[in-house]
Amino acid sequence: MSTRELFSFRNPYFAVGVGVAAGLFVLTALAGFILLPYAQPELKFAGLWDAICSAAGLPRRSIAVEAPKPAHRLSEAVLTPTTLARPSQEAIGRGATLAQRCAICHGPTGISRADSPNLAGQYASVIYKELLDFRSGARTNAVMSPFAANLTDQEITDLAAYYAYLPRLPAFHPVQQLPKPRVVIYGAPVRGIAPCGSCHGSLDNKAGSPWLEGQSEAYLKAQLQAFAAGQRTNDISQQMRNVARAMTPREIDGAAAYYASQPPEVVKATD
Amino acid sequence: MLENRKLVLAHFWLAFAVFGLALCLGAWQMFVRSPLYTWISNPEWYYRSLTAHGTVMGYVFPTLVAMGFGYAITESALQQRLVGLRWAWAGFWLIVVGAIMAMVPVALGRASVLYTFYPPLIGNVFYYIGVVLVVVGSWIWVALMSINLRVWRRAHPDQPVPLVMFANVAGSYLWAWTAVGAALELLLQIIPVALGLRTTIDAGLARVFFSWTLHAIVYFWLMPAYIAYYTIVPRAIGGRLYSDTMGRISFILFLVVAMPIGIHHTFADPQVGAGFKFIHSAFTALVALPTLLTVFTICASVEIAGRLRGGRGLFGWLAALPWQNPIMLAVAFSFVMLGFGGAGGLINMSYQLDTSIHNTQWITGHFHLIFGGAIVIMYFAIAYDLWPHLTGRDLPDLRLVRAQLWLWFVGMIVTTFPWHWVGILGMPRRMAYYDYSSPAIAPEAFSVSVSAIGAFILLISGLLFLFILARAHAQPATEAGAYRFSLPVHPVRDVPLALNSHAIWVALMIGLTVTNYAYPILTLAARSDTSVPAVYVGAQ
């Protein structure tokens with residue numbers, strides 16, 4: 001038997017094989033594309049073709065209703081692992097000059113004495129994102145917003161490069177290091193809370209998440225409460241709002257106090 | 001005529017060595033996520049270990065077993081020297097290099113993406129390139145199986161291809177085609193993103209590509225086990241194969257229907273239409289067919305052995321079977337696990353029933369029972385059966401061998417039955433940590449603990465297996481004779497060309513892949529609004 005005879009409908013194996021396969025396909029397609037869509041009374045179709053398209057997974061435009069606009073601005077910052085990678089010396093220098101105006105709250109060395117965040121050695125992507133958000137209005141603060149309002153893209157990049165370049169000095173208000181609270185180590189999986197360190201540096205870094213060690217306790221607590229209350233809304237995909245909302249007030253106090261007591265040198269080094 | 005023993009031994013030893021390492025990781029994972037331990041406080045370690053365990057057990061271990069066994073089959077069944085020996089070694093070394101290249105970033109925590117990749121999660125590019133090298137190495141084997149069969153055919157025109165080689169080549173073709181899905185996903189989607197050439201990825205399309213590989217890969221894992229059922233078991237227990245034709249039809253059915261069914265892995269995915277999910281669900285039901293044919297044929301073959309040994313009556317032949325024979329024991333255990341695992345599989349493939357267990361621990365329990373249980377225990381049997389022929393030495397002690405198989409069987413049942421159970425209770429899978437103090441999970445704590453104990457029984461059995469194989473090398477030399485496969489009850493004289501060649505069935509396999517996959521893939525690929533930003537592992 002030659003190949004031509006093998007692939008011939010006179011060859012019973014070929015005829016049965018192809019026939020059964022094709023028959024099954026047609027049969028299951030009829031059931032899947034026509035019978036089953038109509039068997040679901042909650043689905044309404046304009047016609048047979050509409051039912052087939054729906055079962056095939058062809059996306060259909062919904063009736064033209066404007067998507068509801070959120071009451072607040074969303075973060076427009078786009079971050080990739082290469083955003084801000086390897087800044088030039090010039091950029092750091094320009095950032096240092098620009099940072100003069102930040103020193104009043106964030107300290108001349110990037111270490112705050114006023115319960116504002118310490119910025120020295122913070123990840124560049126974090127400074128970059130927060131400044132973009134303050135500028136666009138996605139994050140607001142009576143003091144900070146006016147400072148960010150007129151910054152250019154270049155200035156924001158330079159400031160991010162400068163603060164990331166500064167050494168992480170020991171925290172201004174060092175207290176005795178506290179043991180890790182449960183919510184920091186384990187999170188609370190059943191409530192959808194991931195361990196803090198899975199984004200904030202001690203276990204893993206997720207782009208745009210700051211390291212928190214040595215930050216002011218009052219600041220950390222205020223931010224968690226603002227996230228929980230929905231007053232701060234620049235977290236991507238509501239990640240922090242979902243976490244903070246599920247935390248108890250006690251867990252918020254514990255996490256803020258724990259991170260405030262940690263020296264920044266425990267932060268996982270990144271390249 | 002096993003000439004290239006070193007080649008086969010190299011594949012088997014590498015396979016079983018990495019299996020041993022991955023088994024340790026598996027037992028550790030079961031332990032640290034159970035209530036028996038307070039937890040490691042670091043989910044990243046867990047996922048790192050899980051990625052290594054899955055990559056080794058899913059890609060490296062079964063591929064090496066299939067390759068080594070395939071080379072052994074080629075030489076002993078065709079009675080000819082392996083053609084392309086240098087290429088075979090090149091394939092082996094590609095797998096070694098690929099496995100190391102993939103495991104270094106995983107060990108460094110740069111590729112904790114699990115072996116199923118899960119885009120938009122993106123790990124270090126060397127992980128993916130390593131996996132590609134493993135696959136390319138195995139494709140060399142596919143080509144060699146095909147070439148060797150062709151060489152034999154030219155020398156033996158009009159002779160039926162031995163069943164074992166027919167099945168072996170069918171398995172290699174199935175692998176060649178099923179690996180294309182993951183290869184497309186890696187080369188067109190993931191690697192460009194991992195290299196930084198693109199920063200967005202269509203995760204839905206990637207999942208459809210992976211489903212192309214993900215189900216049929218299971219049948220590729222299964223092929224050596226089924227080959228052993230048909231061609232080792234009847235000979236090893238002193239019987240005859242009930243039907244050579246039934247074997248050919250089973251392997252042909254696997255070749256044709258293993259492919260166009262993978263979308264049953266994406267029942268919960270929104271990017272695939274319900275119509276295609278139904279088609280795939282219906283075709284999945286068909287894979288039960290070759291398995292049922294096999295169970296029938298092998299039970300009949302075993303009954304022949306029982307009756308040849310003097311067994312009488314309806315069930316008397318069962319008692320007459322050589323239960324002291326490790327192969328007899330292995331096939332019995334394998335069938336029991338295949339039965340339970342297959343029954344569970346019927347639930348997974350059903351579009352509606354699946355919703356109750358989708359993404360739960362049931363699924364992990366299921367594939368451990370089928371692959372780790374029914375299939376891997378036959379890998380052990382293959383190794384035990386081949387070892388004297390490869391090493392020229394007897395196995396040290398059959399009591400140890402039987403103990404190892406018993407431990408594996410008991411361990412697998414103790415591990416996977418509670419695992420299924422907690423899945424029905426709704427315990428989600430792919431989580432590093434469970435808070436057993438929470439009332440939602442607390443009822444599962446006992447079952448998870450039992451399961452973790454099972455994992456340690458499996459670990460002991462796996463290490464015992466490695467010990468037995470290693471000890472065999474130190475046994476006194478013996479002449480094991482030529483390696484043979486089982487003979488059918490009726491000698492095979494004339495086989496229709498359709499059952500003696502793969503062409504029609506490979507064409508049908510590709511045809512059904514086109515009908516069942518082309519539309520979902522092409523519509524997703526043509527859309528421009530389905531990509532999402534990649535999430536890089538360990539990036540800042």
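Source: prediction; values computed, not measured.

About the thresholds
Residues numbered from 1 in each chain as written. Chains lettered and ligands numbered in written order. Predicted model: local features only at pLDDT ≥ 70, side-chain atom pairs only at ≥ 80, totals over all residues. Heavy atoms only, no water. Helix = DSSP H or I, 4+ residues; strand = E, 2+ residues; numbered from the N terminus. Buried < 20%, exposed > 50% of the residue type's maximum accessible area, 1.4 Å probe, protein only. Areas by Shrake-Rupley, 256 points an atom, 1.4 Å probe, with all protein chains shown as cover. Contact = heavy atoms within 4.5 Å. Lys, Arg positive; Asp, Glu negative; His and termini not counted. Charge placed at Lys NZ, Arg CZ, Asp CG, Glu CD. Axes fitted to C-alpha atoms, helices over the stretch in contact; angles between N-to-C directions. Parallel < 35°, antiparallel > 145°, perpendicular 65-115°, else oblique. Left-handed = near helix turned anticlockwise from the far one by under 90°. Nonpolar A, V, L, I, M, F, W, Y, C, P; charged D, E, K, R; others polar. Core = buried A, V, L, I, M, F, W, Y, C linked by side-chain atoms within 4.5 Å. Buried area = accessible area lost by both parts, 1.4 Å probe. Salt bridge = Lys/Arg side-chain N within 4 Å of Asp/Glu carboxyl O. Polar contact = N/O pair within 3.5 Å; in protein donor to acceptor, adjacent residues only side chain to side chain. Phe/Tyr/Trp six-rings, centres within 6.5 Å; stacked < 30°, edge-to-face > 60°. Lys NZ or Arg CZ within 6 Å of the ring centre and 35° of its normal. Patch = residues over 30% accessible without salt bridge, like charges linked within 9 Å, V, L, I, M, F, W, Y side chains within 5 Å. pLDDT = per-residue confidence, 0-100. Arc of directions from axis to C-beta.

1. A closer look at the overall build of chain A
Piece 1. If you tally the helices and strands in chain A, you get 13 helices and 0 strands.
Piece 2. For chain A, the spread of C-alpha atoms along the three principal axes comes to 90 × 50 × 40 Å.
Piece 3. The 271 residues of chain A split such that 45% are buried.
Piece 4. Surface summary for chain A: the accessible area is close to 15,200 Å², and the carbon and sulfur share equals 61%.

2. Let's talk about the overall build of chain B
Piece 1. Assigned secondary structure in chain B consists of 18 helices and 4 strands.
Piece 2. Principal-axis analysis of the C-alpha atoms places the extent of chain B at approximately 65 × 50 × 45 Å.
Piece 3. The proportion of buried residues among the 540 residues of chain B is 63%.
Piece 4. At a minimum sequence separation of 6, the contacts of chain B that also span at least 24 residues come to 84%.
Piece 5. On chain B, roughly 19,400 Å² of surface is accessible, and the fraction owed to carbon and sulfur atoms is 69%.
Piece 6. Positive and negative side-chain charges in chain B, numbering 28 and 18 respectively, have mean positions lying 6 Å apart.

3. Some thoughts on the environment of N42(B)
Piece 1. Position of N42(B) among the secondary structure elements: in the loop between α1 (5-32) and α2 (43-78).
Piece 2. Separated by 278 residues in sequence, N42(B) and A320(B) place their C-alpha atoms 54 Å apart.

4. Describing the packing of helix α6 (residues 203-231) of chain B against helix α10 (residues 288-308) of chain B
Residues and elements named next belong to chain B.
Piece 1. Between α6 and α10, the shortest axis-to-axis distance is 10 Å and the interhelical angle comes to 30 degrees. Put simply, α6 runs roughly parallel to α10. The element α6 and its partner α10 pack so that their crossing is left-handed. On the side of α6, the interface is formed by Y226, Y229 and Y230, while α10 contributes P290, T291, L293, T294, T297 and I298.
Piece 2. Looking at the contact of α6 with α10 residue by residue, the class counts come to 6 nonpolar, 3 polar and no charged.

5. So, the nonpolar core
Piece 1. Counting 195 residues, the largest nonpolar core has F12(B), F61(B), Y71(B), Y127(B) and Y128(B) as its most contacted members.
Piece 2. Leave out the neighbours within four places in its chain, and F61(B) touches A15(B), F16(B), F19(B), V56(B), F371(B), V376(B) and Y379(B).

6. Focus on the interface of chain A and chain B
Piece 1. In this complex, chain A contributes 42 residues to the contact, which on the side of chain B involves 42 residues.
Piece 2. In total, chain A and chain B occlude about 3,400 Å² of area from one another, counting both sides; carbon and sulfur atoms represent 74% of this.
Piece 3. Scanning the region where chain A abuts chain B turns up 1 salt bridge.
Piece 4. Here R182(A) ties to D435(B) by a salt bridge, and the two come within 3.6 Å at their closest N and O atoms.
Piece 5. Here chain A is connected to chain B by 4 residue pairs in polar contact (both at pLDDT 80 or more).
Piece 6. Going through the elements one at a time, α2 (12-39), α3 (48-56) and α9 (182-186) of chain A are the ones with two or more residues in the side of chain A that touches chain B.
Piece 7. Per-element tally for the side of chain A that touches chain B: the top contributor is α2(A), with 13 residues.
Piece 8. Classifying every residue of the side of chain A that touches chain B by side-chain character gives 26 nonpolar, 12 polar and 4 charged.

7. Looking at the packing of aromatic side chains
Piece 1. For the structure on display, the rule yields 50 aromatic pairs over all chains.
Piece 2. Centroid distance Y162(A) to Y163(A): 5.2 Å. Interplanar angle 55 degrees. Geometry classified as tilted.
Piece 3. On the accessibility criterion, Y162(A) (12% relative accessible area) is buried.
Piece 4. Y163(A) gets classed as buried once you look at its relative accessible area, which sits at 3%.
Piece 5. In this structure, R248(B) packs its charged tip against the face of F166(B), placed 5.4 Å from the ring centre.

8. Describing a nonpolar patch on the surface
Residues and elements named next belong to chain B.
Piece 1. Judged by side-chain polarity, L314, F315, L318 and W323 come together as a nonpolar surface patch covering roughly 430 Å² of accessible area.
Piece 2. Following the sequence through the fold, W323 ends up in the loop between α11 (313-319) and α12 (326-349).
Piece 3. For W323, a relative accessible area of 32% translates into the label partly exposed.

9. Structural notes on the confidence of the model for chain B
Piece 1. The share of residues in chain B with pLDDT of 70 or more is 100%, and the mean pLDDT across the chain is 94.
Piece 2. Model confidence for the complex: the whole-complex pTM is 0.86, and ipTM, which rates the interface, is 0.90.

10. Quick look at the pattern of salt bridges
Piece 1. Taken as a whole, this structure holds 19 salt bridges over all chains when the rule is applied.
Piece 2. D153(A) is the salt-bridge partner of R135(A), the closest N and O atoms lying 2.7 Å from each other. Taken together, the residues span a long stretch of sequence, with R135(A) in helix α6 (residues 124-136) and D153(A) in helix α8 (residues 153-165) at a distance of 18 residues.
Piece 3. Given the relative accessible area of 48%, D153(A) is considered partly exposed.
Piece 4. Here D385(B) and R235(B) are joined by a salt bridge, their closest N and O atoms 2.8 Å apart. Of this pair, D385(B) sits in helix α14 (residues 361-391) while R235(B) is found in helix α7 (residues 233-236), placing the two residues 150 residues apart along the sequence.
Piece 5. By relative accessible area, which is 11% here, D385(B) ends up buried.
Piece 6. Under the relative-accessibility criterion, R235(B) is labelled partly exposed at 28%.
Piece 7. Here the residues in one salt-bridge network are K129(A), E130(A), D133(A), R139(A) and R232(A), joined through shared partners.

11. A short note on helix α12 (residues 239-246) of chain A
Residue and element names in this part refer to chain A.
Piece 1. Three or more residues of α12 are buried, namely R241, V243 and A244. For α12, the angular spread of the buried residues around the axis is 165 degrees, confining them to a single face.
Piece 2. Turning to α12, the residues buried within the fold contact α11 (217-229) and α13 (249-260).

12. A look at the side chain of H200(A)
Piece 1. Following the sequence through the fold, H200(A) ends up in helix α10 (residues 197-200).
Piece 2. Setting aside residues no more than four positions away along its own chain, H200(A) makes contact with N205(A), S209(A), P210(A), W211(A), L212(A) and M240(A).

13. Let's talk about the packing of α6(B) against α14(B)
All names here are of chain B.
Piece 1. Where α6 meets α14, the closest approach of the two axes is 9 Å, and the angle between their N-to-C directions is 45 degrees. The orientation of α6 with respect to α14, classified from their angle, is oblique. Viewed along their axes, α6 and α14 form a crossing whose handedness is left-handed. Contacts from V218, W221, L222, P224, A225, A228 and Y229 in α6 reach F371, A374, I375, M378, Y379 and I382 in α14.
Piece 2. Tallied by class, the residues present in the contact of α6 with α14 amount to 13 nonpolar, no polar and no charged.

14. Structural notes on unusual backbone geometry
Piece 1. Of note, the bond from P119(B) into P120(B) is cis; its omega dihedral lies within 30 degrees of zero at 10 degrees.
Piece 2. Examined against the element boundaries, P120(B) turns out to sit in the loop between α3 (85-107) and β1 (121-122).
Piece 3. One non-glycine residue with positive phi stands out, namely D115(A), at about 60 degrees.
Piece 4. Turning to its location among the elements, D115(A) is positioned in the loop between α5 (103-106) and α6.
Piece 5. A positive phi angle is found at Y118(B), which is not glycine, with a value near 45 degrees.

15. Remarks on the environment of V272(B)
Residue and element names in this part refer to chain B.
Piece 1. Within the secondary structure, V272 sits in the loop between α8 (244-257) and α9 (274-286).
Piece 2. On the basis of relative accessible area, V272 is assigned to the buried category, the value being 4%.
Piece 3. Along the backbone, V272 and Y519 are 247 residues apart, and their C-alpha atoms lie at a distance of 9.7 Å.
Piece 4. Leave out the neighbours within four places in its chain, and V272 touches V208, I263, T266 and K277.

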